[in-house]
Amino acid sequence: MNTPNSIKRFYKKAEVVSSEEGGGAGFTVALDGRVLRTPNKAALQLPTQGLAAAIASEWNAQGETIDAQTMPMMTLACTAIDWVHVERAHAVDATAAFAEHDLVCYWAEEPQDLIERQQESWQPLLDWVTLTFDAPLIVIPGILAKPQPAASVAALRHAVENVDDMTLTALHTVVSAGGSLVIGLALLRERLTADQAFTAALLDELFQIEFWGEDAEAAARHAGLRGEFHAAASFLTLLRS
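Residues numbered from 1 in each chain as written. Predicted model: local features only at pLDDT ≥ 70, side-chain atom pairs only at ≥ 80, totals over all residues. Heavy atoms only, no water.

1. Structural notes on the sheet that holds strand β4 (residues 34–35)
The criterion, for reference: Between any two strands, at least two bridges found by DSSP are needed for them to pair. Secondary structure elements are defined from DSSP: runs of H or I of at least 4 residues count as helices, runs of E of at least 2 residues count as strands, and each element is numbered from the N terminus. It only takes one pair of heavy atoms within 4.5 Å for two residues to be counted as in contact. An axis is simply a line fitted to the C-alpha atoms; with a helix, the fit covers only the stretch in contact. Between two such axes, the angle follows the N-to-C directions and lies from 0 to 180 degrees.
As summarised here, the arrangement of the three strands in space is β2-β3-β4, forming an open sheet in which the pairing is antiparallel. Among the strands making up the open sheet, the edge pair consists of β2 (14–18) and β4. In the packing of helix α1 (residues 49–60) onto the sheet, contacts are made with β2 and β3 (27–31), and the angle to β2 comes to roughly 155°.

Given below as structure tokens:
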């Protein structure tokens, strides 16, 4: 079965069942006894019962019409199976590339209040990534790109390469949304919560909002981004359950 975009509910109950397809132990979800598959018809093999239960809950929570936008765990799992597993090298490249121009390395030149806020939020993350991955990164005033140490970029790439497909999917989501591999790894390693990661990634914009306010379009975009951070964090937690 495919993940629907907007179709009428066609089942009564979703439940967790064991999955042994492909020779691996794990879990999947069945709708009235029919095992779910991804949009690309692959087996929906899930590594933990907690993740399977969360996906089953998303299906059970649907009303008369199924809305895929309200099923983030299902979406992330399908992305991991249909895209990351198939195009893993591309997913690693796209995620690790942020080490070369990470958001938290580009600090403002003014005003001083913003610089101090960046230092308070981002410097501990830079210290953490140095100690955790032996990957010191250079702070760059302004917006002109400068190369980061090759050894640090390689170390952070290695950290990305070492995660499984499901974890890489969540990491890629956060890194792409926030523009920072450092923030993504900090969320992955539980150094930051979802809200802390969102605030760190949107620090400059949130600072400007304090002075100029937030229009409806920006508020909607920020709500969407916060939702992506929370979904990825929940997904990572369920992978450990």
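We are not done yet, so read on.
2. With respect to unusual backbone geometry
Omega for the bond connecting glutamate 110 with proline 111 falls within 30 degrees of zero, at -5°, which places this linkage in the cis form. Mapped onto the elements of the fold, proline 111 is located in the loop between β6 (106–107) and α4 (112–133). Within the chain, lysine 41 stands out as a residue other than glycine whose phi angle is a positive 75°. With respect to the helices, strands and loops of the structure, lysine 41 is situated in the loop between β4 and α1.

3. Focus: the environment of valine 129
Looking at where valine 129 falls in the secondary structure, it is placed in helix α4. When the C-alpha atoms of valine 129 and proline 147 are compared, they prove to be 17 Å apart, with 18 residues separating the residues in sequence.

4. Considering helix α7 (residues 181–188)
Note the following rule: A 1.4 Å probe rolled over the protein chains alone gives each residue an accessible area, and that area as a share of the maximum for its type sets the label: buried under 20%, exposed over 50%, partly exposed in between. Between N or O atoms, a polar contact is any pair within 3.5 Å; within protein, one atom must be a potential hydrogen donor and the other a potential acceptor, and residues adjacent in sequence are included only when both atoms are from side chains.
Burial within α7 is extensive, with eight of its eight residues counted as buried. Here α7 has its buried residues at Leu181, Val182, Ile183, Gly184, Leu185, Ala186, Leu187 and Leu188. Those residues of α7 hidden inside the fold are in contact with α3 (88–96), α4, α5 (150–161), α6 (165–178), α8 (194–201) and α10 (216–239). Two to three positions downstream of the cap, the backbone nitrogen of valine 182 sits 3.3 Å from a side-chain oxygen, assigning the N-cap of α7 to serine 180. At the C-terminal side of α7, glutamate 190 shows a positive phi close to 60°.

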